[in-house]
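# Per-entry structural report
Listed below are the residues making up each chain.
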Amino acid sequence: MNMLKARFAPFPLGLAALLLAAPGHGEDLPQIDNPPRLLAIPTAQPAGALNTAALLRAPLELDQPQAAPREVAYDLDIRYRYGWIRNPSLERPGQIHYDKVALRSYLPGALSPVATPASSQPSATPFIAPLIEVYPGQTVRIGLNNKLNRDADGKPIRDPSCTDQGGSGNQPHCFNGTNLHTHGLWINPAGNSDNVLISINPGVSFQYEYNIPPDHPAGTFWYHTHRHGSTALQVSSGMAGALIVRGTRQPTQQQNGDIDTLLRPYAGVNFRERVLVFQQIQYACRFKAGQYKGMIKTYGNTATPPNEEDQRYRCDGDDVGGIEGYDQFGPKTWQESGRYTSVNGVVLGKMAQARAGDVERWRMVHAGVRDTINLKLRRLSDNAPPLAGLFARQMDDYVARYCSSGTELDLPLIAADGLTMGKVQTRKSVVFQPGYRWDALVSFPSAGKYCLINDVKVSSTIDRSAPSARLLGVVDVAPGQASRPLQEVLIGAARAHFPPAVATKVSAELRNGMKLSSFVPHPDISPQEVTGTQTLTFNIDVSQPGAAFFQVDGKPYAGERIDRTLKLGGVDEWTLRSDFVSHPYHIHVNPFQIVKIVDPKGKDISAEGAPDSMDPGDTQYSGLRNVWKDTLWVKNIEASNDPKIAAAGRYTITIRTRYQRYIGDFVLHCHILDHEDQGMMQNIRIALPDGRGGTALGHH
């Protein structure tokens, strides 16, 4: 048991914060565990079982049966709950500080076989949604119960932001209405499947049904709320969780398989799995009375005299932090708030049970709202002081002094946005934009402690600035075995798990530049396959004083308008641009393959190792050529509505995508979620061909 948790005793919920004594140099930090797995509603085994005799025995699923059912049901509540979030910026040496919050959360529903955890102890209830695991070929039902008609004390409430008085649909509204999006899944977008064009209002329950096709790729996906007008506010509350499609299909000499079947334990190799969900929970406390009533309380506006430069959020006395307004989102608000990126709901925690020389699979999800993460791993100096009492403003200096600069560990990447790449790409840092996922095979060369760092030094963040390096947590590595080359480890896995002919094929691919050709889920899209073209441009119109209009192709979102009608079976080549700063492009249902990324000087920077001639410190596009994704940063290093200035900073991205299997209406949008809520989104319709070169509009 975590000894820090063991020292906690229940205390009155009326307290806004708690300072606890912390140990000295050998401090026992809160532990970063994998998210808790959401357990299925117990049901009788239906007739016929999915053929998963080769089901993996990874740590997350040791208690899974040897055959997964064809149908599985989950129950998920959304409700306010009290909890505690660590706030290191207020800690004194030798103490740990927690702020009390009341946030909207995903929790196991009443039908789930596990009770909802209590929230009377600090760090006992991190704000992280449960992990959902599914399999290709399953029918997955999720009952979503919106219980936001009651506050954290169980008292009935109304949502003052949700009125029938008209106005723009792009003004944030209906903060307690919700729905559910399975980000990255290749499934039906209509009806009661992955439909984000419905509103599940407070007091209403709705059962989603996802028919996952048997050929669905295995990989790391995620789920989150997606009701237009409240998406950013709810996701920022922690309403996001990992969704893993586990694969059991071995490759053959003719067909590709799931990389999960390679990354199975064998003699001396365990491939321990860690699921890491990065979140930016930007809670604030507000003035209850006086001239600032309703405004966010900061250290600047509570100072005498007021200090406008100090925008750090402040919570005092009996304050309870929350996320109840869109004044909590905007340029530089995350940096200035003083809040910390959490990992699986834990701020500045410790990842334990790693062993030197072991190869671990890290499934990583950026489930934050708007701010970039640039992940690095470095050795922590043996003489590093305790983290307790480390102010936010001291982070950069601490990282520079004690997290050995210039000695980043390798991060060998094997999947982007859940989709296995054509080869292992080894990097020293990995850039996550909102919505991104990366899978990496991580190994630590020796025992000791290692820094998990967010070191954003690229100007292509949404705010076009590089915040100070932030420590996300520490990895505690025990003595183990001598490190082996990753190529050798993977070839050994192929020989251990596959028939000789397949093992020979996979081994040859690994020897030829660490290729993963036998595990890529989609065939390349050739130029000859393309049947049409699409163009898209993001923009923020700031030409009117005091106003900003969020647009795609010069228009804000309109719920009643279909912006693009695309033909089922078609293959389009898209050109993506942004005219005002940078935005992560995300389209539902069908993934895309990256063809090229051209910087403002006309150079393609998508090849592995290619430099960005306009922004030499930014390597996020290197190696993305031919990679499959569902979310991609569309870069512009300028912030101007002047066409000449905008063109000077504009990057041009070319992607290709197939419209396969599913028809219906869905969306594409900027995945800076407050931008999406304010209009940076389009409605897309995939329709049947009409037999005359167009699309069929109906049955008449």
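Up top is the structure.
Structure report, in brief. Remember, predicted model here, so these are calculated numbers, not experimental data. As a convention, each chain's residues are numbered from 1 in the sequence order in which they are written. Local features in this predicted model are restricted to residues whose pLDDT is 70 or higher, and side-chain atom pairs enter the listing and the counts only when it is 80 or higher, whereas totals over whole chains, interfaces and linings include all residues. Note that water and hydrogens are dropped before the side-chain values are worked out from all heavy atoms of the structure.

### Quick look at the overall build of the protein chain
- Each helix is a run of H or I in the DSSP string that is no shorter than four residues. Each strand is a run of E no shorter than two, and both are numbered from the N terminus. What the protein chain contains, in helices and strands, is eight helices and 31 strands.
- Residue exposure (1.4 Å probe, protein chains only): buried if accessible area is under 20% of the type maximum, exposed if over 50%, otherwise partly exposed. Every one of the 700 residues in the protein chain was classed for burial, and the buried ones make up 58%.
- Across the protein chain, the fraction of contacts at a sequence separation of at least 24, relative to all contacts at a separation of at least 6, is 77%.
- To be clear on the numbers: accessible area is Shrake-Rupley with a 1.4 Å probe, and residue cover counts the displayed protein chains and nothing else. Counting only carbon and sulfur atoms, one obtains 52% of the accessible surface of the protein chain, whose full area is about 26600 Å². Residue contacts are counted whenever heavy atoms from the two residues lie within 4.5 Å of one another.

### Some details on the state of the cysteines
- A pair of cysteine sulfur atoms is labelled a disulfide when the two atoms are within 2.5 Å. Evaluation of the coordinates by the stated rule reveals three disulfides.
- Shown here is the disulfide that connects Cys 162 with Cys 174, its sulfur atoms set 2.0 Å apart. For the disulfide bridge between Cys 162 and Cys 174, the dihedral angle about the S-S bond is near 70°, and by the sign convention the bridge is right-handed. Taken as a pair, Cys 162 in the loop between β5 (139-146) and β6 (181-183) and Cys 174 in the loop between β5 and β6 lie far apart in primary sequence, twelve residues in all.

### Let's talk about the pattern of salt bridges
- Any carboxyl oxygen of Asp or Glu within 4 Å of a side-chain nitrogen of Lys or Arg constitutes a salt bridge here. In this structure the tally under the stated criterion is 48 salt bridges.
- A salt bridge links Asp 77 to Lys 147, with the nearest nitrogen and oxygen atoms 3.2 Å apart. Of the two residues, Asp 77 sits in strand β2 (residues 71-86) while Lys 147 sits in the loop between β5 and β6, which places them 70 residues apart along the sequence.
- Owing to a relative accessible area of 5%, Asp 77 belongs among the buried residues under this scheme.
- Of the residues examined, Lys 147 reaches a relative accessible area of 35% and is grouped as partly exposed.
- Residue Asp 455 pairs with Lys 376 through a salt bridge whose shortest N-O separation is 2.9 Å. Placement of Asp 455 in the loop between β19 (448-454) and β20 (470-478) and of Lys 376 in strand β14 (residues 373-379) is noted, with a sequence separation of 79 residues between them. Residues Asp 455 and Lys 376 agree in their burial class; the two are buried.
- By sharing partners, the salt bridges in this structure join Arg 37, Glu 133, Arg 246, Asp 260, Glu 273, Arg 361, Arg 363 and Asp 439 into a single network.

### Notes on the pairing of strand β24 (residues 571-578)
- Taking burial as the measure, the eight residues of β24 include six buried ones, the bulk of the element.
- Examined bridge by bridge, strand β21 (residues 532-541) and β24 share seven bridges and lie parallel to one another. Directly across from Thr 533, in β24, lies its bridge partner Glu 573. Here the rule is simple: two strands pair whenever DSSP picks up at least two bridges between them.

### Considering the sheet that holds strand β30 (residues 664-670)
- Taken in spatial order, the five strands line up as β23-β31-β30-β25-β28 in an open sheet, and their pairing is mixed. Both edges of this open sheet fall to β23 (564-567) and β28 (631-634), since each of them pairs with a single strand only. Neighbour to neighbour, the strand axes of the sheet diverge by 25° on average, direction disregarded.
- Of the pairings in the sheet, the one linking strand β25 (residues 583-587) to β30 comprises three bridges and is antiparallel in character. Residue Ile 587 lies in a different strand from β30, and its bridge partner there is Leu 668. Working convention: axes come from line fits to C-alpha atoms, limited for helices to the stretch in contact. Angles between N-to-C directions cover 0 to 180 degrees.

### Observations concerning the side chain of His 669
- Looking at the secondary structure, you find His 669 in strand β30.
- Judged by its relative accessible area of 0%, His 669 falls in the buried class.
- Two N or O atoms count as a polar contact when they lie within 3.5 Å, although within protein this holds only if one can serve as hydrogen donor and the other as acceptor, and sequence-adjacent residues are included solely when both atoms are side-chain atoms. Among the polar contacts made by the side chain of His 669, one reaches the side chain of His 588 at a distance of 3.4 Å.
- Not counting residues within four places of it along the chain, the set of residues in contact with His 669 comprises His 226, Phe 538, Pro 584, Tyr 585, His 586, His 588, Glu 676, Met 680 and Met 681.

### Thoughts on the sheet that holds strand β12 (residues 349-355)
- Taken in spatial order, the five strands make up an open sheet running β12-β20-β19-β14-β17, and their pairing is mixed. A strand with exactly one partner marks an edge of an open sheet, and here the two such strands are β12 and β17 (430-432). The sheet shows a mean angle of 25° between the axes of neighbouring strands, taken without regard to direction.
- Direction of pairing for β12 relative to β20: parallel, over a ladder of five bridges. Bridging across to β20, Ala 354 finds its partner in Val 477.
- The strands touched by helix α4 (residues 395-402) are β14, β19 and β20; relative to β20, the strand with the most contacts, the crossing angle is about 35°.

### Observations regarding the packing of helix α5 (residues 486-497) against helix α6 (residues 500-511)
- Taken N-terminus to C-terminus, the directions of α5 and α6 make an angle of 170°; their axes are 8 Å apart at the nearest point. The orientation of α5 relative to α6 falls into the category roughly antiparallel. Between α5, through Gln 487, Leu 490, Ile 491, Ala 494 and Arg 495, and α6, the contact on the second element is made entirely by Ala 503, Val 506, Ser 507, Leu 510 and Arg 511. Orientation labels follow simple angle bins: below 35 degrees gives roughly parallel, above 145 gives roughly antiparallel, 65 to 115 gives roughly perpendicular, and whatever is left gives oblique.

### Digging into α4
- The set of residues buried in α4 consists of Met 395, Tyr 398, Val 399 and Tyr 402. Along the long axis of α4, the arc covered by the buried residues comes to 100°, so they all point the same way. Of the exposed residues in α4, the ones pointing more than 90 degrees away from its buried face are Ala 400 and Arg 401.
- Residues of α4 that are buried in the fold lie against β14, β19 and β20. Directions drawn from the helix axis to the C-beta atoms are what define this arc.

### Some details on empty space enclosed by the protein
- Every definition here rests on a 1 Å grid over the protein atoms only: cavities are sets of points where a 1.4 Å probe fits but cannot get out, pockets are open sets enclosed by protein on both sides within 12 Å along at least five of seven lines, and lining residues have some atom within 4 Å of a point. Grid points are joined across faces, edges and corners, and a volume is the space filled by probe spheres set on the points. Going through the model one piece at a time under the given rule, you end up with ten cavities of 30 Å³ or more.
- Together, Gly 268, Val 269, Asn 270, Phe 271, Gly 357, Asp 358, Val 359, Gln 481, Arg 484 and Val 489 line the second largest cavity.
- Here the nonpolar group is Ala, Val, Leu, Ile, Met, Phe, Trp, Tyr, Cys and Pro; Asp, Glu, Lys and Arg are the charged ones; every other residue, Gly included, is treated as polar. Of the residues in the lining of the second largest cavity, the class split is four nonpolar, four polar and two charged.

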